Amino acid sequence: MPARASQAQNDLVSPDRNAQQAWAANDADLLAALDASTEGLTQEQAQARLARDGPNTLRPQRRATAMRIFAGQFKSPLVLILVFAAAVSLITRDWADASIVLAIIVASALLGFSQEYRASRAVEQLLARISPRARVLRDGQELTVPADTVVLGDVLLLSAGNLVPADARVLEADDFFVNQAMLTGENFPAEKRPGVVAAAATAVARTNCVFMGTNVRSGMARLLVTATGDRTLYGAIAARLALRSPETEFERGIRRFGQLLTQLMTLLVLAIFALNVWRSRSVVESLLFAVAIAVGLAPELLPAIISITLARGSRRLATLGVLVRRLAAIENLGSMDVLCTDKTGTLTLGEVSLQQALAPAGQTSARVLELAFVNASLQTGLVNPLDEALVATAAVDVGRYEKTEEIPYDFVRKRLSIAVREDDTRDLLITKGALDPVLSVCATMRGGEVERPIDADARASIGALADGWMSRGVRVLGVATRRLARRASYGSADESRMCFEGFLLFVDPPKPDAGEAIDQLRRLGVALKIITGDSRQVALHTAEAVGLHVEQVLTGAQVRDMRDEALWQQAGTTTIFAEVDPNQKERIIVALRRTGHVVGYLGDGINDAPALHAADVGISVDNAVDVARETADIVLLEHSLTLLREGIEEGRRVFANTLKYVYTTSSANFGNMLSMAAVSAVLPFLPLLPKQILLNNFLSDIPAMALAGDRVDPERVERPHRWSVRSIRDFMVVFGLISSAFDALTFALLWFVLRAAPDEFRTAWFVESLVTELVILLVVRTHRPIWASAPSRALWASTLAVAAAAVALPWTPWVAQAFGFVPLPPVVLAALAAITLLYTLANESAKRRFFARATRDAAF
């Protein structure tokens with residue numbers, strides 16, 4: 001790259017020093033400084049700049065390579081504790097124990113790596129399918145490329161609905177308006193146009209620049225990229241903030257559960273170590289025993305189980321047509337109990353058609369149709385179904401109309417105006433939009449070839465006609481005109497003293513399967529709420545057509561007049577929110593969340609982005625505008641409630657399988673480790689050697705990995721479930737104490753009845769502890785009786801294999817010698833089998849009572 005261009009990167013696009021020069025320089029100087037042209041870079045230039053500057057992301061994305069994932073297995077504090085234990089053994093020259101501990105560490109790492117690596121690759125492939133894209137000019141040709149490959153000097157092509165992938169300077173623009181509120185706080189879209197602004201201009205005043213992360217509201221433009229990645233304005237802000245995705249409810253529950261077990265583990269380990277030292281046992285042996293207890297108690301596989309379960313869930317969802325952009329949202333999808341959505345495309349076919357174009361008195365009007373067609377054809381904002389229906393229906397030669405100006409649509413005015421040349425001195429302003437906002441700027445109405453004032457009776461007559469159509473589910477727009485003396489530009493203030501030309505009637509039939517989908521959601525415990533900009537009457541008709549029971553309707557005007565506290569009270573019992581604007585959508589979502597609901601929002605338009613961001617789980621569709629799709633957590637390949645219902649069920653399966661591991665860890669592990677700690681205070685020897693505890697823990701982890709793909713009982717997906725640390729704590733106490741009781745029975749049998757020697761005692765305790773942990777895994781994985789719910793093949797096979805290994809290991813000479821096992825007499829094996837059977841029956845009985853009492857707790 002020429003030295004001049006290299007210097008230009010420092011002088012023109014560095015946001016921390018002289019970034020003002022990028023908007024203060026003229027186009028020619030800027031293009032020359034960046035060694036770029038209006039026809040774009042060559043592919044070779046783009047590749048060289050990408051290699052030099054790195055990807056266009058806020059943080060360099062470090063790919064999860066095999067080595068990085070394997071190394072990550074050793075970052076766990078528990079693994080570091082084991083490494084410390086191995087080091088202590090080496091220092092004391094206990095080579096055998098040190099080798100065994102290190103072997104277990106490596107084996108555990110390989111077990112976790114094999115699962116996480118496959119999960120990581122699967123997630124990468126899925127995310128690549130929905131990664132953001134950008135249109136650029138390369139070698140003079142328009143190309144669509146991944147947004148993270150946009151480089152300095154690229155020529156961007158942006159249009160309505162696009163996300164802005166980098167900071168850029170406007171070269172050409174046509175009615176180009178950008179929503180940059182996320183950076184500047186502006187309430188309305190800002191118009192961007194070519195030109196030069198002052199070097200000291202603030203972000204708001206940089207009318208010739210667009211910024212990464214903002215989105216195009218209307219129009220189109222050709223732009224020159226002046227900064228990428230963390231060198232953008234957004235990147236400079238992000239660098240000063242600890243940017244991190246909000247913690248989901250499930251993540252918060254996992255964190256609190258981990259804190260609970262960590263506290264218990266710390267207290268137990270300190271007590272065990274102190275007690276054994278007090279009993280004059282070896283400090284090293286006491287330390288290793290306490291460390292082994294800590295590892296046995298801790299849920300060290302929980303992060304891996306969550307990652308694997310989420311990755312498998314995302315793969316299964318992808319086969320259904322549901323792509324997950326943020327894995328943690330899967331649990332929220334399953335926990336969702338309220339779904340908010342617009343009706344178009346969800347409850348209706350989304351195939352809008354123009355029914356009629358009518359004069360104010362209700363008769364067919366070719367003039368209204370032609371005016372509406374011109375407005376729809378010449379507007380440069382986001383293409384919408386209403387304009388598409390107009391263009392598809394009418395056949396008007398727009399070539400004889402010369403557009404002179406556009407006043408873009410916004411969600412406050414709810415109308416759009418196009419100015420066309422009428423003669424040498426005058427323009428005709430054609431306005432189309434929601435009926436009431438159009439009527440509010442009209443002073444006259446068309447009556448044949450003449451205009452006459454709109455009086456109260458005329459307004460009442462127009463309103464009565466519209467109400468009749470809307471009550472039948474017809475969407476009604478208004479069309480108005482005004483002749484103006486030609487000026488250089490027009491604004492919304494010119495939308496006044498207009499002539500009402502007539503009505504446009506549109507229909508969008510309900511989906512045949514919408515009623516069934518709503519019933520299925522209702523059976524899953526998900527309430528559907530409609531949030532729409534359409535009129536109250538149209539929304540009510542659609543709800544009636546698809547069989548949605550309506551408790552209450554609130555309009556945007558009513559929501560605007562409500563205090564937040566009042567909306568919190570009303571939102572839960574309201575089925576339809578009609579005539580709302582985008583900010584009100586967001587406020588409604590927040591109100592529902594404030595009252596304890598887990599809220600999903602399904603949207604695909606520019607105006608849906610705030611609500612998608614505010615929801616617990618934002619859901620969009622593959623053909624949505626960029627800003628909606630990139631804001632969403634979940635992307636549907638088809639606009640379908642049935643597809644979403646399948647996603648909800650899969651989310652609940654993921655949730656259930658994650659909790660199965662939590663149940664196992666919080667019951668058997670806790671009970672076994674507590675028993676071992678107690679028994680160590682009574683016996684003249686340790687009930688298990690540290691290496692035996694670690695082997696027990698490693699073997700029990702093998703079937704636990706299979707929980708990620710386990711079957712889930714149908715009733716577990718019939719209603720949403722919520723995380724509850726209190727309920728899990730109660731579960732841990734009840735089932736942990738049962739485990740400890742049977743451990744005490746085993747202790748009494750071995751010590752007082754069979755008079756087992758230390759090695760025989762430890763071998764029997766090892767077998768009993770491992771087998772009962774496998775039993776509890778099979779018991780608590782289902783609310784049904786253990787024999788009435790079949791586990792997956794992988795879980796069943798791994799459980800049987802580990803159980804067989806537990807019995808066979810003492811008979812394997814080299815393993816028995818390494819770990820201190822001895823073959824068990826038949827009487828001991830028979831006694832252990834009887835205890836295991838009694839343990840299974842006791843847990844089954846306790847499970848039935850516990851879950852019956854806890855049915856109102858969402859965690860179960």
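Quick caveat, the model's predicted, so the values are computed rather than measured. (Residues numbered from 1 in each chain as written. Predicted model: local features only at pLDDT ≥ 70, side-chain atom pairs only at ≥ 80, totals over all residues. Heavy atoms only, no water.)

1. Thoughts on the overall build of the protein chain
Inclusion rule: The helix count covers DSSP runs of H or I at least four residues long, the strand count covers runs of E at least two residues long, and both are numbered beginning at the N terminus. A simple rule labels every residue: compare its accessible area, found with a 1.4 Å probe on the protein chains alone, to the largest value its type can have, and call it buried under 20%, exposed over 50%, or partly exposed in between. Contacts are assigned to residue pairs that have any heavy atoms within 4.5 Å of one another. Per-residue and other accessible areas follow the Shrake-Rupley method at a 1.4 Å probe size, with only the shown protein chains counted as cover for residues.
Across its full length, the protein chain holds 31 helices and 23 strands. Split into buried and exposed, the 860 residues of the protein chain put 55% on the buried side. Long-range pairs, those at least 24 residues apart, make up 74% of the contacts in the protein chain between residues at least 6 apart in sequence. Summed over all atoms, the accessible surface of the protein chain reaches about 35,500 Å², with 57% contributed by carbon and sulfur.

2. Concerning unusual backbone geometry
In this model, Arg497 sits at a positive phi of 50°, which is unusual for a non-glycine residue. One can find Arg497 in the loop between β16 (475-485) and β17 (498-507). In this structure, Glu579 takes a positive phi of about 60° despite not being glycine. Counting through the fold element by element, Glu579 comes out in the loop between β20 (576-578) and α22 (582-594).

3. Things to note about helix α19 (residues 536-546)
Stated formally: By arc we mean the arc of the directions from the helix axis to the C-beta atoms, nothing more.
The complete set of buried residues in α19 reads Val538, Ala539, Thr542, Ala543 and Val546. Down the axis, α19 shows its buried residues gathered within 135° of arc, on one side only. Buried positions along α19 lie against α17 (456-470), β16, α18 (514-523), β18 (527-531) and β20. Looking at the residues trailing α19, positive phi occurs at Gly547, about 80°.

4. Remarks on the nonpolar core
Rules: Residues belong to a common nonpolar core when they are buried Ala, Val, Leu, Ile, Met, Phe, Trp, Tyr or Cys residues joined through side-chain atoms within 4.5 Å.
Ranked by internal contacts, the top residues of the largest apolar core, which has 64 residues, are Leu339, Ile589, Ile619, Ile634, Leu636 and Leu641. When neighbours within four sequence positions are excluded, Leu339 is seen to be in contact with Leu521, Val526, Ala527, Leu528, Lys529, Gly600, Tyr601, Leu602, Ile619, Leu641 and Leu644. Counting residues in each nonpolar core, the second largest holds 60 residues, with Val767, Phe819, Ala846 and Phe850 among its members.

5. A closer look at the sheet that holds strand β21 (residues 599-602)
Remark on secondary structure: sheet strands pair via backbone hydrogen bonds, oriented parallel or antiparallel. Rules: By this definition, two strands are paired if DSSP reports at least two bridges between them. All axes are obtained by fitting lines to C-alpha atoms, using only the stretch in contact for helices, and the reported angles, taken between N-to-C directions, cover 0 to 180 degrees.
In space, the eight strands of this open sheet follow the order β8-β23-β22-β21-β9-β18-β20-β19, with mixed pairing throughout. Bordering the open sheet on either side are β8 (322-324) and β19 (553-555), each of which pairs with just one other strand. The sheet shows a mean angle of 20° between the axes of neighbouring strands, taken without regard to direction. Here β18 pairs with β20 via two bridges, running parallel.

6. Topic: helix α15 (residues 385-393)
Taken residue by residue, α15 has Leu386, Asp387, Ala389 and Leu390 as its buried positions. Buried residues of α15 fall within an arc of 160° about the axis and therefore sit on the same side.

7. Some thoughts on a nonpolar patch on the surface
In plain terms, the rule: Like charges are joined within 9 Å and nonpolar side chains (Val, Leu, Ile, Met, Phe, Trp, Tyr) within 5 Å, but only among residues with over 30% relative accessible area and no salt bridge; these make up the patches. In the sections that follow, a salt bridge refers to a side-chain nitrogen of Lys or Arg positioned within 4 Å of a carboxyl oxygen of Asp or Glu.
Taken together, the side chains of Leu745, Leu837, Leu838 and Leu841 present a nonpolar region at the surface, about 380 Å² in accessible area. Ranked by the residues each element gives to the nonpolar patch, the list is headed by helix α31 (residues 826-853), at three residues. With respect to the helices, strands and loops of the structure, Leu837 is situated in helix α31. Using a relative accessible area of 53% as the deciding quantity, one classes Leu837 as exposed.

8. Quick word on the packing of helix α26 (residues 690-705) against helix α28 (residues 758-780)
The packing of two helices is summarised by the inter-axis angle and the distance between the axes. Applicable threshold: The cut-offs work like this: below 35 degrees is roughly parallel, past 145 is roughly antiparallel, 65 to 115 is roughly perpendicular, and the gaps in between are oblique. Should the near helix be turned anticlockwise from the far one by less than a right angle, the crossing is termed left-handed; should it be turned clockwise, right-handed. Charged residues are taken to be Asp, Glu, Lys and Arg, nonpolar residues to be Ala, Val, Leu, Ile, Met, Phe, Trp, Tyr, Cys and Pro, and polar residues to be all remaining types, Gly included.
Where α26 meets α28, the axes come as close as 10 Å, and the angle between the chain directions of the two elements is 25°. Viewed along their axes, α26 and α28 adopt a mutual orientation that is roughly parallel. Seen from above, α26 lies across α28 with right-handed handedness. Between α26, through Gln692, Leu695, Asn696, Leu699, Ser700, Pro703 and Ala704, and α28, the contact on the second element is made entirely by Arg762, Phe766, Ser769, Leu770, Glu773, Leu774 and Leu777. Grouping the amino acids of the contact of α26 with α28 by side-chain chemistry returns eight nonpolar, four polar and two charged.

9. Comments concerning the side chain of Gln692
As a reminder, the rule being used: N or O atoms closer than or at 3.5 Å make up a polar contact, with two conditions inside protein: a donor-capable atom paired with an acceptor-capable one, and, for residues adjacent in sequence, both atoms drawn from side chains.
Along the chain, Gln692 falls in helix α26. A polar contact is formed between the side chain of Gln692 and the backbone nitrogen of Leu689, at a distance of 2.9 Å. Sequence-distant contacts of Gln692, that is, excluding residues within four places in its chain, are made with Arg762, Phe766, Phe819, Gly820 and Phe821.

10. A few points about the pattern of salt bridges
Enumeration over the complete set of coordinates arrives at 37 salt bridges. Arg193 is the partner of Glu191 in a salt bridge, and the nearest nitrogen-oxygen pair spans 2.9 Å. Classification of Arg193 by relative accessible area gives partly exposed; the value is 39%. A salt bridge links Glu650 to Arg653; the shortest N-O distance between them is 3.1 Å. Of this pair, Glu650 and Arg653 both sit in helix α25 (residues 641-680), three residues apart, roughly one helical turn.

11. What about the packing of aromatic side chains?
Defined as follows: Planes of paired rings set the category: under 30 degrees apart is stacked, over 60 is edge-to-face and the rest tilted, where pairs are Phe, Tyr or Trp rings (Trp by its six-membered ring) whose centres lie within 6.5 Å. Sitting over a ring, as applied to charges here, requires NZ of Lys or CZ of Arg to be within 6 Å of the ring centre and within 35 degrees of the ring normal.
Taken as a whole, this structure holds 18 aromatic pairs when the rule is applied. On the basis of an interplanar angle of 15° and a centroid distance of 6.1 Å, the ring pair of Phe819 and Phe821 is categorised as stacked. On the basis of relative accessibility, which here comes to 9%, the residue Phe819 falls in the buried class. For Phe821, a relative accessible area of 5% corresponds to the buried category. Of the aromatic side chains, those joined through ring pairs into one cluster are Phe685, Phe747, Trp751, Phe752, Phe761 and Trp765. Positioned over the ring face of Trp23 is Arg206, at 3.6 Å from the centre of the ring. The ring centre of Trp568 lies 4.2 Å from the NZ or CZ of Arg594, which sits over that ring.

12. Some words on the pairing of strand β12 (residues 415-421)
Judged by how many residues are buried, β12 sits mostly within the fold: six of seven residues are covered. Hairpin connection, β12 to strand β13 (residues 426-434): the antiparallel pair is bridged by four residues.

13. Overview of the packing of helix α27 (residues 725-753) against α31
Look at α27 against α31: their axes get within 11 Å of each other, and the N-to-C directions meet at 160°. Considering the angle they form, α27 stands roughly antiparallel to α31. Seen along the crossing, α27 lies across α31 with a hand that is right-handed. Contact residues: Ser727, Asp730, Phe731, Val734, Phe735, Ile738, Ser739, Phe742, Leu745, Thr746, Leu749 and Leu750 in α27; Val828, Ala831, Leu832, Ile835, Leu838, Tyr839, Ala842, Asn843, Ala846, Lys847, Phe850 and Phe851 in α31. Tallied by class, residues from the contact of α27 with α31 come to 18 nonpolar, four polar and two charged.

14. As for the confidence of the model for the protein chain
This is how it is decided: For every residue, the predictor states its confidence as a pLDDT score lying anywhere from 0 to 100.
Of all residues in the protein chain, 85% have pLDDT values of 70 or greater, and the mean over the chain is 82. In the predicted structure, residues 1-10 sits below a pLDDT of 50 and forms 19 contacts with residues beyond four places in sequence or in another chain.

15. Let's talk about the environment of Arg483
By the element assignment, Arg483 lies in strand β16. Separated by 15 residues in sequence, Arg483 and Met498 have C-alpha atoms that sit 8.4 Å apart. Side-chain polar atoms of Arg483 contact the side chain of Glu422, separated by 2.9 Å.

16. Structural notes on the environment of Ala466
Of note, Ala466 is situated in helix α17. Residue classification places Ala466 among the buried residues on the basis of a relative accessible area of 1%. For the pair Ala466 and Leu477, spaced eleven residues apart in sequence, the C-alpha separation works out to 9.2 Å. Among residues more than four places away in sequence, those in contact with Ala466 are Leu435 and Val476.

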